[in-house]
Amino acid sequence: MNRRSTLLLSLCLFVLPAVAQEEIRIGVELQPYQPYSDVEDGEYRGYARDLLDAFAAESGYRFVYTPLPVRRLLSDFLSGRVDLKFPDHPQWNADQKDGHTVHYSHPAAPYVDGILVKPQHLGQGLQRIELLGTQNGFTPWPYLPEIRAGRIRLIQANQIESLLRMASSDRVDAVYLNPKVVDYQLRQMRMTADSLVFDPELPHVEDHYYLSSIRHPQLIEAFNRFLEERADQVAAIRLRHGL
């Protein structure tokens, strides 16, 4: 190999890692939502962090996590101040996303949202629920007709802990949340696991969270390949976080 070829090869080896290490800003939710995610001392952590870090390590991207309040997260995403958004869903804020081409990944995290009640109220149906609690930013989709008709009053709170205490002290009849998140929070509060239980007979949502981007469709395609080709690794991360 002549000197010129050697120099070109050296330049290629130097340039490729620099390109691969492009900094990508991921907008994430500031609110605590373990086992999916939370922010402690400014550090993003949980299932979502481990999944995205695993993808970044393989693809060569350098992710910078930007925790934001839910409403600001959406505005920063649509304005381009962050490159990616997690979690996201095609149904969320569809009217505000109108006019933007948002690219969504394959399903990245399974979730269930539904009604949790005190054990003695399990299986008693919808008729006893007049006051329903949920977290700010949540939309209890299956119950919107009852809420709009005035048959159910909705109370929203910033902290899941506050909602769980309200439900356990009968200040609300039920809460609409993710059972996995409730289980985690009950343990943190030193409350028994069956203090509040999921009622599968009541309407609920079974779906997935997605990674989204407006500016980087090629990154979403790479993430999709990672989910497919590293399915065993993804499954192990989910298992580690109880998902």
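Throughout this document, residue positions are counted from 1 along each chain, in the order its sequence is written. For this predicted model, a pLDDT threshold of at least 70 governs which residues receive local features, and a threshold of 80 or more governs which side-chain atom pairs are given and counted, while totals over whole chains, interfaces and linings are taken from all residues. Only hydrogens and water are removed before side-chain values are computed, so all heavy atoms of the structure are retained for them.

The protein is annotated in an unreviewed UniProt entry as Solute-binding protein family 3/N-terminal domain-containing protein from Ectopseudomonas mendocina S5.2. UniProt positions are given in the numbering used here, feature names are shortened, and annotations may be inferred rather than shown by experiment. The record in UniProt for the protein states the following under Sequence similarities (unreviewed entry): "Belongs to the bacterial solute-binding protein 3 family."

1. What to know about the packing of aromatic side chains
In summary, the pairing rule links any two rings of Phe, Tyr or Trp, Trp by its six-membered ring, whose centres are within 6.5 Å, and it sorts them by plane angle into stacked for under 30 degrees, edge-to-face for over 60 and tilted for everything else. Scanning the entire structure with this criterion turns up 14 aromatic pairs. Summarising the aromatic geometry, the rings of Y61 and F63 are spaced 6.2 Å apart at their centres and angled 10° between planes, so their arrangement reads as stacked. Comparing Y61 with F63 shows no difference in burial state: the two are buried. Their ring planes at 75° and their centres at 6.4 Å tell us that F63 and Y65 sit as a pair that is edge-to-face. Side by side, F63 and Y65 carry an identical accessibility label, which is buried. Here a set of aromatic residues connected by ring pairs shows up, and it is made of Y44, F55, Y61, F63, Y65, F223 and F226. Only protein chains enter the calculation, and the probe is 1.4 Å; a residue is then buried if its accessible area is under 20% of its type maximum, exposed if over 50%, and partly exposed in between.

2. Here we look at the side chain of S212
Secondary structure elements follow DSSP: runs of H or I no shorter than four residues count as helices, runs of E no shorter than two count as strands, and numbering proceeds from the N terminus. Assignment of secondary structure puts S212 in strand β12 (residues 205-213). Polar contact is the term for a pair of N or O atoms within 3.5 Å; when the atoms are in protein, one must be able to donate a hydrogen and the other to accept it, and sequence-neighboring residues count only if both atoms are side-chain atoms. Side-chain polar atoms of S212 contact the side chain of D88, separated by 2.7 Å. Any two residues whose heavy atoms approach within 4.5 Å at even a single point are treated as in contact. Excluding residues within four positions of it along the chain, S212 makes contact with F77, D83, L84, K85, D88, V102, H103, Y104 and I220.

3. Points about the nonpolar core
Nonpolar side chains in soluble globular proteins tend to be buried together. Buried Ala, Val, Leu, Ile, Met, Phe, Trp, Tyr and Cys residues that are joined via side-chain atoms within 4.5 Å together make up what is termed a nonpolar core. Counting 60 residues, the largest nonpolar core has F63, I115, L164, L177 and F223 as its most contacted members. Per-element accounting of this core gives the leading share, seven residues, to helix α2 (residues 47-59). If we ignore the near neighbours within four places in the chain, the residues touching L164 are V175, L177, V182, Q185, L186, M189 and L196. Among the nonpolar cores identified, the runner-up in size contains seven residues, and L73, L78, V82 and V102 belong to it.

4. Focus: α2
To estimate how far a helix should extend, the number of its residues minus one is multiplied by 1.5 Å. Between the first and last C-alpha of α2 there are 18 Å, a value that for 13 residues agrees with the 18 Å anticipated at 1.5 Å per step. For α2, the full list of buried residues reads Y47, A48, R49, L51, L52, A54, F55 and A56. At the C-terminal side of α2, G60 shows a positive phi close to 90°.

5. Quick look at the UniProt feature "domain: Solute-binding protein family 3/N-terminal" (unreviewed entry) in the protein
Listed under "domain: Solute-binding protein family 3/N-terminal" (unreviewed entry) in the UniProt record, and renumbered for this structure, are residues 24-86. What you have in residues 24-86 is 37% helix and 35% strand, and the ends, taken at the C-alpha atoms, are 13 Å apart.

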